[in-house]
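Examination of the molecular architecture
Next come the chains, spelled out residue by residue.
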Amino acid sequence: MVVGDVTTGTELLVVGGGPGGYVAAIRAAQLGVDTTLVERDAYGGTCLNHGCIPSKALISGADVAHRAGQAEEMGVYADPAVDLAGMVEWKDGVVTRLTRGVESLAKSAGVELIEGEATFTGEHTARIAHGGDGQGSESVEFEHAVVATGSHPIQVPGFEFDAEPILSSKEALALESLPERLLVVGAGYIGMELSTVFQKLGSEVTVVEMLDEALPGFEDDIATLVRERAEEIGVDFYFGEAADSWEQAGEEIVVHTEDEDGDLTRFDAEKALVAVGRQSVTDGLGLDELGIEPDEDGFLATDEQARTDAEHVFAVGDVAGEPMLAHKAMAEGEVAAEVAAGEPAALDHQAVPAAVFTEPEIGTVGMTEAEAADAGFDPVVGQMPMRANGRALTIDEKEGFVRIVADDETGFVLGAQIVGPEASESIAEVGLAIEMGATLEDIAGTIHTHPTLSEAVHEAALAARGEAIHTR
C-alpha cells in the first residue's frame, strides 16, 4: 500500500498484531482471503514483546542461577553470579527472533502489513495514521474486520507509570540492574511470577495485596502452596493492604498502604512494581462507527464465532474478555479468520488451559470439583502427590500434586489442577482428554513413559477410579 492520502481496499482488516491478530491474519491469508494487518508498535504484541516470552525467559534465567546455588543436597556446590544486563540482552535476543518470525510468517502467507494506528471511520472504513513526522495517513475499505487490540496494565491511582521508580511489568522486564529492595503491588499471577524472579536474582522482595491470599481465582490449596514456596525463598507478603500513596525519600521511595480499618503501613523500597491486572484497549478505536461498544467490564461481547454485535466485525484476544491468555487469543483468531472466509468454525472454551510460571508451576484446565458439582455433575476426584513421583524426586522438585476431576457416573474427564514441575506442559494431556471426550479409563489405560512427570497424571486417573498403585 502507498503511504499518503489514498484509499485502498482489503477483504479482511486485522487491527493489532498480537497473538490473536497475527494468527487471524495468517490463517485468513491461508484460506485465500485478501488480508491486511495493522500494528502500531511491534509484531507479536504484548505477549511476545513485553509479557509471555520475556517473562518466561527471565524466569528460566533466574531458575538456573537459583538452582545452581541451592543444590547442595545433590552434591553440587556453586555460588553463581548474575549479570542482569547480560540476561536481559539474551532475553531481548529471544524476543527479537520471535517477533521477526511473526513478521516473516505473515509476509510469507501473503498478509499486507501496515505499521500505524487504526481508527474506524465508518462501518467498512478505517483511517491508518503512520508514525513519525510527515508519514501521513491512509484510508482502508474492508469487508470484514478483526479487532485484536489487546490490553494494557491497570494503573493504581497515584502510582502512574510515568514516574521512573514506579514500574509496570513491561519496565520491570527491561531493568538492567537489580533493585536492592523491590515492592510488588499485587499478588496475582504476574505479581507472583515476577516477585519470585527478582527474589531469586538477588533483590529483597516484599509483596502487598489487598485481598487475603495470593493468586485469587485459584483453589486455596494451590495458592497456599505457591505462596509458601515463595516465602521459603525469601519473599515477604502483607495481605489486606491496598496501595495508598508513595513519595521519594533520597534515592529510595516510601510506599504507604492502607488496611480495611484505615491504618497506614510504611514500606521502604528502591522501586515499586504495580501488577494489579490488565485492562482491554478500546479507547480511540472509533468503535461507535462500527455500531459496537464495550460492556461494563470494558470488553467487546462476542458469540461462538468471535463475532461482535456487528456481524462483519470480530473481536479476539484480551479485548474479547476473560481469560486473558495468548493461546485463547490464538484460538479465537483462527475461528474469526475461518468464519470470515466462509468456513463453519466455532469456539469451544471448555478446555482452555491456564498456566502460572511460579515455583512450583500451576496448570489448570476445565472444571474444579466445586465447579463440576455446581454444573450438576457428581464429581469424583483423584490426586497424586509429586513427592511420590520418581521423576519429580530425581530433579529435586517434589512439591505439588496432580488432581483430576471426572464425572462419577460416566467417567468423563471434566478438569484438572496440577501444581508442580512442568505443570504448564503436563496440563496439555488433560486438555486433550476433555476436548476429545475421554474418560478416566482412557487415561488410566494409556501407557505413560517411566520415569516421567506425566506418570502423575496417569496415577491421578487411577486414583479417581479407586485403583491407585503408587499412592494410598
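Conventions we followed
Residues numbered from 1 in each chain as written. Predicted model: local features only at pLDDT ≥ 70, side-chain atom pairs only at ≥ 80, totals over all residues. Heavy atoms only, no water. Helix = DSSP H or I, 4+ residues; strand = E, 2+ residues; numbered from the N terminus. Buried < 20%, exposed > 50% of the residue type's maximum accessible area, 1.4 Å probe, protein only. Contact = heavy atoms within 4.5 Å. Pairing = 2+ DSSP bridges. Phe/Tyr/Trp six-rings, centres within 6.5 Å; stacked < 30°, edge-to-face > 60°. Axes fitted to C-alpha atoms, helices over the stretch in contact; angles between N-to-C directions.

**Observations regarding the side chain of Glu193**
Relative to the assigned elements, Glu193 resides in helix α6 (residues 189-201). With relative accessibility at 4%, the residue Glu193 sits in the buried group. Among residues more than four places away in sequence, those in contact with Glu193 are Ser55, Lys56, Ile59, Val356, Phe357 and Thr358.

**Describing the pairing of strand β21 (residues 401-407)**
Burial analysis of β21 places seven of its seven residues in the buried class, the great majority of the element. What you see with β21 is no split at all: Phe401, Arg403, Val405 and Asp407 on one side and Val402, Ile404 and Ala406 on the other are buried throughout. Direction of pairing for strand β20 (residues 379-385) relative to β21: antiparallel, over a ladder of seven bridges. Looking across to β21, one finds that Gly382 is bridged to Ile404. Across six bridges, the pairing between β21 and strand β22 (residues 413-420) is antiparallel. Counterpart to Ala406 in the pairing with β22 is Val413.

**Some points on the packing of aromatic side chains**
What describes a pair of aromatic rings is the distance from one ring centre to the other and the angle between the planes of the rings. Evaluated as defined, the whole model comprises three aromatic pairs. Ring plane angle 75° and centroid distance 5.8 Å describe the contact between Phe120 and Phe142, whose orientation is recorded as edge-to-face. With Phe120 in strand β4 (residues 117-122) and Phe142 in strand β6 (residues 137-147), this pair connects stretches of sequence that are 22 residues apart. Their ring planes at 70° and their centres at 5.0 Å tell us that Tyr238 and Phe267 sit as a pair that is edge-to-face. Here Tyr238 is found in strand β11 (residues 236-239), whereas its partner Phe267 is found in strand β14 (residues 264-269), with 29 residues between them in sequence.

**Quick word on the sheet that holds β14**
What the three strands build is an open sheet, ordered β12-β13-β14; its pairing is antiparallel. Of all strands in the sheet, those bounded by a partner on one side alone are β12 (242-249) and β14. Neighbour-to-neighbour, the strand axes of this sheet turn through a mean angle of 25°, independent of strand direction.

**Comments concerning the sheet that holds strand β19 (residues 361-366)**
Backbone-to-backbone hydrogen bonds join strands into a sheet, with any given pair of strands oriented parallel or antiparallel. The sheet built from five strands is open, its strands ordered β18-β19-β22-β21-β20 with antiparallel pairing. Across the chains shown, the open sheet's two edge strands, defined by having one partner strand only, are β18 (354-356) and β20. Taking each pair of neighbouring strands and ignoring which way they run, the sheet shows an average axis angle of 10°. In the sheet, β18 pairs with β19 via three bridges, with the strands oriented antiparallel. Paired with Val356 across the strands is Ile362, a residue of β19. Running over the sheet, helix α13 (residues 455-464) touches β20, β21 and β22 and is turned about 140° from β20.

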